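# Summary of structural features
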Amino acid sequence: MSDLVITKNIHEKDSFKIENYLKHDGYKASARVCTTLTPDQVIDEVKKSNLRGRGGAGFPTGMKWSFMPKDSSKTKYLVCNADEGEPGTFKDRLIITRNPHAMIEGMIIASYAIGAHVGYVYIRGEFFREARMLEFAISEARANGHLGKNLYGTQHSFDIYVYRGAGAYICGEETALLNSLEGKRGEPRLKPPFPAQVGAFGMPSCVNNVETFAAVPYIITEGAQKFAAMGTEKSGGTRLYGVSGHIERPGVYELPLTISIRELINHCGGVRGGKKLKAVIPGGASAPMLSAEDIDVKMDFDSLMKAGSMAGSGGVIVIDETVCIVEMACILLKFYEHESCGQCSQCREGSHWLAQLFQRIENGGGTMADLDTIASLCGNMAGQTICAFADAVTGPALSSVRKFRAEFEQHIHQKCCPFKKDHKHIGHKASSVQGVPGVTHV
Amino acid sequence: MSSYEISKSENYLNYCSDKIRPLPVTGPDAKPLPKMTLDGQVVEFVPGDTIMQVAERAKVASRIPRYCYHPGLSIAGTCRMCTVEVEKAPKLMTACSTPATDGMVVRTRSEKVLKSRSGVVDCLLASHPLDCPVCDKAGECELQDYDYEYGPSRSSFVDEKRVFPKSSTRKLSDKIVLNMNRCVACERCVRFTDEVTKTNDLVMLNRGWKKELTVGDEDKGLYNDYQGCLSDFCPVGALTWSDFRFQKRVWFLRGNASICDRCAKGCNIEVHSEKEIIYRFVPIYNPKVNAHWICDEGRLSYKMVTNSHRVIAPLLEVAGHGPTATSWETLIPVTASLLKNSSRALLVLGTDSTMEECENLRKFFSKFVQNGEIRYFNGTGITTSSENKALDHLLRQNDKTPNTKGVESLGLKPLDVAGVNGFDTVILFRSGRAGIPSVAAAKNLILWGVWSDEEVRAQKNVRALLPGLATQEKSGTFMNCDGILQSFKKAVEHRGYGLDVTRIIEKF
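As the structure is a computational prediction, the values presented were derived from the model and not from experiment.

### A look at the packing of aromatic side chains
Where two aromatic rings form a pair, the distance of their centres and the angle of their planes describe that pair. Summed over the entire model, instances satisfying the criterion amount to 29 aromatic pairs over all chains. Residues A:Tyr336 and A:Phe389 carry aromatic rings whose centres are separated by 5.5 Å and whose planes lie at 80° to one another, so their mutual orientation is edge-to-face. Here A:Tyr336 is found in helix H13 (residues 325-339), whereas its partner A:Phe389 is found in helix H16 (residues 389-403), with 53 residues between them in sequence. Pairwise contacts between aromatic rings join B:Phe364, B:Phe368, B:Phe429, B:Trp448 and B:Phe508 into one cluster. A cation over an aromatic ring shows up here: B:Arg280 above the ring of B:Phe244, its NZ or CZ 4.3 Å from the ring centre. The ring centre of B:Trp451 lies 4.8 Å from the NZ or CZ of B:Arg430, which sits over that ring.

This is the structure we're talking about:
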């Protein structure tokens, strides 16, 4: 078992408080960066660590930071993407509630590297409690002199503001997030210009995920080599996997990228109730699903890409044999139909079309021609729009048909859902959040 | 002074761009312009151009279909219709937003591109009501055109179509009717109210497939003064111009270039008519005057031309009956003798007369009348062109006649406070736009030009009326409020006994 980057101390009491973080040498990395290193050295260190963005696209973080204009007189903004909306993903919430100072320290280091003096944390609207906890952590950091003017006696100043979203999935896309941050409609922007040139309020901006920032202090403290060695050749470090679905012990697990899906499932206690595994969604709902035969694939970005899926946000959804894949795809597509921002023609109309089509197949009204329609429609959508949302829609739609075509044909030939007798979709139950210390319930 | 001749632009309105950057100054040490290949044709471009602008410059913009792109609005890049294949780019690029680079190789009609466009049209038509037989846009609809050109032969959509019950026939204002079911969500209208009129009175509500166009403020509704433009550039029949709804199928209409004479701006318009009956005015692109737009007041001003109360036959006063219809042969000798016998005559030229009419009438007047004077009269709230003010940041002017500046440039003086006192015979010449001075003091009144029944009856001393032609029925030259001379040709044939000034003068 390799070293843990983010979740090492989260099981301690009041792990979100600054005393606890300082006890484990917290804010030493940011102090060292601000006082002894130059911004370029920091970026080099992060580049060497092979840290890749943990939000879903897996873009090399050091590269992203180096795109920020160096000699520009413009104000620069650092934005933390805490709009964790991907179904099946709940890793950022863990960081914010259990280890927020790692993220804040990471942001301080990043702000120093890119020369930003203002940071925004765009947190999803539903994370009300988490936003309060984050505000608390920021005020603690501010009180301890880790945020504010002239940090650690240097010229560098940095402060963080929390901005709550209004509940749109698409605002997790970085340019839609920036639009939403500016108070506009949360619709992705045309690229180019990229946020590094024209971002928040027209200024150069750098947007990173919560987990990405939280990994940065470790890289500075322990060195890039050690971090890189934990992962594969192209992506370093560990990853938080939010494992949910039909699994014995669901939860967030920090594991190396080199782990395979089979190992991950076994690590979490195997499929719930000893049932047979049917499918796995390896990286949040938009990642194409993998069938039970494919689960020996490693969980790093490139291996999953090769297997026809993607590492995405690290939300692993385990699906056992009792699940009707058509119904599951149908539920996912309903989500996408509801969350498409509606800018691009294909995505707006296509997501609605697909949702209707899958519902019809599930209800027993499908024809074999519908399966071809799904393929051609997804072909029209994927890669043709401003943002990656259309690709995300086609993920579950295409992969479910490709991997479980027999089940679709069964629906079509029997003119009903073969699972309907003993399977009923139960709506989302409000999870208990009791016991989060230090937070008054509202 | 040379004048700009208004003509129908070769391309449709949406293909004329004011986004084309000026060519850089050429000189001995000027760098050669970068080049790119567009469908095998090597074209030069100015650095900063997008692929769409390069195509516009090369006059092949019509090869690239578009919904959200409009040359007068900002770039949205959302309809995905203008995608083109760029060599070495992994994905298709939108022509409207991708900057051209030196040596770029672009194909606008490759197989990949056609497949993508077919996909877009297929998606757009999935929930489209396909009510073309009753849609006013049919025939000039970009969804129809592009479906015909790029769309799939048949749709595989068999589910229920999306319907917006509240916005299926919603009156956004007295002038515009919204049918959201037909909308392709290009948001040209939203950007128009945001950027051009700056009224923000149209917004999109909700997201995704439930996206619905609505007014920004329910109490105010749609209130900008350029609502007709919404219907012009709406690529489908979602926003229709109330005045034109269910009036005429567009393929019957003949479009001829002319000028709008409703105010001093002189917007270039295309007159759409069938059998010489005008059905609507639409703007012609002119970057110096009106760009892509015209105001609603101007758009509706065709009603004066087709007014059923307009006098289109010569009138002669019959004692006890007032002005009565007669023939030119009867009218001309009577008018001629009235003028010859007058002791002191006044010719009042409305500021809606063309330059040519003013010249001809001046010659005619000095030939026929020994003791006469000529004045001009505006009568729309101002007296001289210096009092004219712009009513907004776009086009609308305070001066509601088209040629005040032009008439002044001929050296004429305005009708002063004394009015017609001291003149026994007064000729009032106007084309329906200029006001009418008080002429009750004159013994004999001769009306000339475009008059309505009510206007004639309001005058008690009318001896004769010589019906003339409205602006759209004749050719001529106007000088607009910015001093731009614009000449125009006859757009429709006059449907009455009215004659051009030169023809009437010949009869004397």
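### Topic: the sheet that holds strand E8 (residues 176-178) of chain B
All names here are of chain B. Sheet architecture is open: 3 strands sit in the order E7-E8-E11, paired in antiparallel fashion. Where the open sheet ends on each side, the last strands, each with one partner, are strand E7 (170-171) and strand E11 (239-241). As paired elements, E8 and E11 share 3 bridges and run antiparallel to each other. Its bridge partner lying in E11, valine 177 is registered against threonine 240.

### Brief notes about the domain arrangement of chain B
On domain assignment, one finds that chain B holds domain 1 (4-109), domain 2 (124-241) and domain 3 (315-507). A separation of 48 Å is found between the C-alpha centroids of domain 1 of chain B and domain 3 of chain B.

### Re helix H8 (residues 174-181) of chain A
All names here are of chain A. Counting buried residues along H8, 8 of its 8 residues qualify, which places the element largely inside the surrounding structure. When we look at burial in H8, the residues that qualify are Glu174, Thr175, Ala176, Leu177, Leu178, Asn179, Ser180 and Leu181. Elements that come into contact with the buried residues of H8 comprise helix H4 (61-66), strand E1 (77-82), strand E2 (118-123), strand E3 (159-164) and strand E4 (205-209).

### Structural notes on the confidence of the model for chain B
Averaged over chain B, the pLDDT score is 89; the fraction of residues at 70 or greater is 99%. Reported confidence for the predicted complex is 0.87 by ipTM and 0.89 by pTM.

### Topic: the sheet that holds strand E2 (residues 35-38) of chain B
Residues and elements named next belong to chain B. Strand order in the open sheet formed by 5 strands is E3-E2-E6-E4-E5, with mixed pairing between adjacent strands. Either end of the sheet is taken by a strand with one partner, and the two such strands are strand E3 (41-44) and strand E5 (93-94). Bridging between E2 and E3 involves 4 bridges; their strand directions are antiparallel. Residue pairing in the sheet places threonine 37 in a bridge with valine 42 of E3. Across the face of the sheet, helix H2 (residues 111-126) comes into contact with strand E4 (83-86) and strand E6 (105-107) while running at roughly 160° to E4.

### Quick word on the nonpolar core
Ranked by internal contacts, the top residues of the largest apolar core, which has 66 residues, are B:Tyr67, B:Phe192, B:Leu213, B:Leu230, B:Leu239 and B:Trp293. Apart from residues lying up to four places away in sequence, B:Leu213 is in contact with B:Arg170, B:Leu178, B:Met180, B:Cys189, B:Val190, B:Leu202, B:Val203, B:Met204 and B:Leu239.

Conventions adopted
Residues numbered from 1 in each chain as written. Chains lettered and ligands numbered in written order. Predicted model: local features only at pLDDT ≥ 70, side-chain atom pairs only at ≥ 80, totals over all residues. Heavy atoms only, no water. Phe/Tyr/Trp six-rings, centres within 6.5 Å; stacked < 30°, edge-to-face > 60°. Helix = DSSP H or I, 4+ residues; strand = E, 2+ residues; numbered from the N terminus. Lys NZ or Arg CZ within 6 Å of the ring centre and 35° of its normal. Pairing = 2+ DSSP bridges. Domains from an automatic or database assignment. Buried < 20%, exposed > 50% of the residue type's maximum accessible area, 1.4 Å probe, protein only. Contact = heavy atoms within 4.5 Å. pLDDT = per-residue confidence, 0-100. Axes fitted to C-alpha atoms, helices over the stretch in contact; angles between N-to-C directions. Core = buried A, V, L, I, M, F, W, Y, C linked by side-chain atoms within 4.5 Å.

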